[in-house]
Amino acid sequence: MNRKTGFQIAFTLGFSALIIMLFSSFSFADPIPYLKPTYIYVRGSYYVLNGDFFNCTMVVECDNAVIDGAGHTFQGASGLNRIATGIYLSGRKNVIIKNIIIDNYVTGIQLSECENITISNNSVSDCSVNIEMTHSNNSRIESNNVTGGVFRGIVFGACNNNSFTKNNIIGNSMGFMAEGDIWISSRYNTVIGNYIAENDFGISIIQGSNNRIEGNNITRNNFGISIRNSDQVIGNTFLDNNYGFQLHSENCTFYHNNFSNSSEHYGRHEWAVKVSPINSWDSGSEGNYWSDYNGIDANGDGIGDTPYTLDSNNTDNFPLMKPFGTNSSPLPSPTDVSYLYFAISVAAGVAFALSCLAMLFIKQRKTKSRKAVRFEVGQCKYGFSHSHEGS
């Protein structure tokens, strides 16, 4: 055995010994380091935070309660050792959670089997799931900032008759999502007036039906909306999304929506990755605005004269010439009849005012002189005319 071979053997044995020593000090049964939270139990009717809380979990154990964060923070831990939940409610009724900043939990706010819960004016960010609801009904999620969810911004499953209004849902993987299983879906929920931007999916209804999605601003998402069941999508603005919508079911209704500036593929806007048969794209008299519609409006009624065709089974029969919500009537010009009527009305009003002033001037000359009397009662001042004879 030469010197080179001996050196190779020694190096191999030494390296192997080092590996054995490292792995002998590490137990594969050891879990990832996990911070155990400090639990705060709410058992009273009115609870106001008087400071910030770190690595804590609030458990609401009573009904008919108000939890007011007063602008204070529930701060979890970052990295792999996150605390499971910031605020947890199970089986609760008539609870209001407001004005709290919640950051860096696995789940920021979690509701399970709850009724008539209000979550308002909170900021929930950078959690794996920012707000989660399961089997919870008749609740309101309103005016919250929901940002940076690693997996979900707002997610609910098997939930009915809830309203989600005026929330800012920004920069999540899934912005707003309804999920469940084949047996249990979410029904009769309303998603109204939210700003949903810069998510992978803006709105995704995986398992649900008869939900109403109305008046939302859905901007700069990869997919604006993805629907698998019968829902109504009315009066929303879809702007600068890579894909406006993705449909996997029939009997969805779309009208008064504005679809603008989706990515272009093969010379036309790629509004839908998949459009399934058969959905309704108008109300029977008005449809949607499509920024790539190239039809004309010969009679000036604001409706395109030719349909907008998505595929062989889906057609908007009444495409709008201008975005819904904008004034489609031009301002009157001097040659318009409406402008003539307006000018006549103004002239008549001026003439009437001048005649009234002339009559008043004549009447004042014929009327005896009057002397003004003024008196005060407290902070109120009164004035009236007093007539006097023979002065």
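In what follows, the accompanying structure is described. (Residues numbered from 1 in each chain as written. Predicted model: local features only at pLDDT ≥ 70, side-chain atom pairs only at ≥ 80, totals over all residues. Heavy atoms only, no water.)

### Let's talk about the pattern of salt bridges
Part 1: Under the definition given, this model contains four salt bridges.
Part 2: With its nearest N and O atoms 2.7 Å apart, the salt bridge here joins glutamate 61 to arginine 43. Of the two residues, glutamate 61 sits in the loop between strand 4 (56-60) and strand 5 (65-68) while arginine 43 sits in the loop between strand 1 (38-42) and strand 2 (46-48), which places them 18 residues apart along the sequence.
Part 3: The closest approach of N and O atoms between aspartate 63 and arginine 92, which form a salt bridge, is 2.9 Å. Taken together, the residues span a long stretch of sequence, with aspartate 63 in the loop between strand 4 and strand 5 and arginine 92 in the loop between strand 7 (85-90) and strand 8 (93-98) at a distance of 29 residues.
Part 4: Exposure remark for aspartate 63: the relative accessible area of 31% places this residue in the partly exposed category.
Part 5: The exposure class assigned to arginine 92 is buried, which follows from its relative accessible area of 17%. (Salt bridge = Lys/Arg side-chain N within 4 Å of Asp/Glu carboxyl O. Helix = DSSP H or I, 4+ residues; strand = E, 2+ residues; numbered from the N terminus. Buried < 20%, exposed > 50% of the residue type's maximum accessible area, 1.4 Å probe, protein only.)

### Describing the sheet that holds strand 28 (residues 231-234)
Part 1: Spatial ordering of the open sheet is given by 2-5-8-11-14-17-21-25-28-31, a layout of ten strands whose pairing is parallel. Edge positions in the sheet fall to strand 2 and strand 31 (253-255), since each has one partner strand and no second. Averaged over neighbouring strand pairs, the angle between their axes works out to 5° when direction is ignored. (Pairing = 2+ DSSP bridges. Axes fitted to C-alpha atoms, helices over the stretch in contact; angles between N-to-C directions.)

### Digging into the nonpolar core
Part 1: In terms of nonpolar packing, the biggest core is built from 57 residues, with Phe74, Ile87, Leu89, Phe176 and Ile203 touching the most fellow members.
Part 2: Among the elements that take part in this core, strand 4 stands out by supplying three residues, more than any other.
Part 3: Those residues in contact with isoleucine 203 that lie beyond four places of it in its chain are Phe176, Val191, Ile196, Ile213, Ile218, Gly224, Ile225 and Ser226. (Core = buried A, V, L, I, M, F, W, Y, C linked by side-chain atoms within 4.5 Å. Contact = heavy atoms within 4.5 Å.)

### Structural notes on the sheet that holds strand 12 (residues 123-125)
Part 1: Across the sheet, which stays open at both edges, the eleven strands sit in the order 3-6-9-12-15-18-22-26-29-32-35 with parallel pairing between neighbours. What marks the edges here is a single partner per strand, and that holds for strand 3 (53-54) and strand 35 (289-290).
Part 2: Where strand 6 (residues 73-75) meets strand 9 (residues 101-103), three bridges bridge the pair, whose relative direction is parallel. Bridge pairing in strand 9 places phenylalanine 74 opposite isoleucine 102.

### Concerning the pairing of strand 36 (residues 308-311)
The side chains of a regular strand alternate, residue by residue, between the two faces of the sheet.
Part 1: As judged from the three bridges shared by strand 36 and strand 37 (residues 314-316), these two strands associate in the antiparallel manner. By the bridge assignment, tyrosine 308 is partnered in strand 37 with aspartate 316.

### Focus on the environment of asparagine 162
Part 1: With respect to the secondary-structure elements, asparagine 162 resides in the loop between strand 16 (152-157) and strand 17 (163-165).
Part 2: Asparagine 162 sits 29 residues away from valine 191 along the chain, and the two C-alpha atoms are 8.7 Å apart.
Part 3: The residues contacting asparagine 162, other than those within four sequence positions of it, are Met133, Ser136, Asn137, Asn138, Ser139, Tyr188, Asn189 and Thr190.
Part 4: At 2.8 Å, the side chain of asparagine 162 and the backbone nitrogen of serine 139 are in polar contact.
Part 5: In terms of polar contacts, asparagine 162 uses its side chain to reach the backbone carbonyl oxygen of asparagine 160, at 3.2 Å. (Polar contact = N/O pair within 3.5 Å; in protein donor to acceptor, adjacent residues only side chain to side chain.)

### Some details on the pairing of strand 23 (residues 201-205)
Part 1: Of all the five residues making up strand 23, five are buried; the element is thus mostly covered by neighbouring parts of the structure.
Part 2: As paired strands, strand 19 (residues 174-178) and strand 23 are joined by four bridges and run parallel to one another. When the sheet's bridge partners are listed, methionine 177 is paired in strand 23 with serine 204.
Part 3: Note that strand 23 and strand 27 (residues 223-227) share four bridges and pair parallel. Note on strand 27: the bridge partner recorded for isoleucine 203 is isoleucine 225.

### As for the environment of alanine 158
Part 1: Following the sequence through the fold, alanine 158 ends up in the loop between strand 16 and strand 17.
Part 2: With 25 residues separating them in the primary sequence, alanine 158 and methionine 133 have C-alpha atoms 8.5 Å apart.

### Some words on the side chain of serine 136
Part 1: Tracing the sequence through the fold places serine 136 in the loop between strand 13 (129-134) and strand 14 (140-142).
Part 2: A relative accessible area of 0% places serine 136 in the buried class.
Part 3: In this structure the side chain of serine 136 is engaged in a polar contact, spanning 3.1 Å, whose partner is the backbone nitrogen of cysteine 114.
Part 4: Only 3.0 Å separates the side chain of serine 136 from the backbone oxygen of threonine 134, close enough to count as a polar contact.
Part 5: The contacts of serine 136, once residues within four sequence positions are left out, are Leu111, Ser112, Glu113, Cys114, Ala158, Cys159, Asn160 and Asn162.

### Looking at the packing of aromatic side chains
Part 1: For the structure shown, the criterion picks out 17 aromatic pairs.
Part 2: When the centroid spacing of 5.4 Å and the interplanar angle of 75° are considered together, the rings of phenylalanine 245 and phenylalanine 259 count as edge-to-face. One end of the pair, phenylalanine 245, is in strand 30 (residues 243-247); the other, phenylalanine 259, is in strand 32 (residues 258-260), with 14 residues separating them in the sequence. When sorted by exposure, phenylalanine 245 lands in the same class as phenylalanine 259, which is buried.
Part 3: Taken together, Phe238, Phe245, Phe254, Phe259, Trp281, Trp290, Tyr293 and Tyr308 form an aromatic cluster joined through their ring pairs. (Phe/Tyr/Trp six-rings, centres within 6.5 Å; stacked < 30°, edge-to-face > 60°.)

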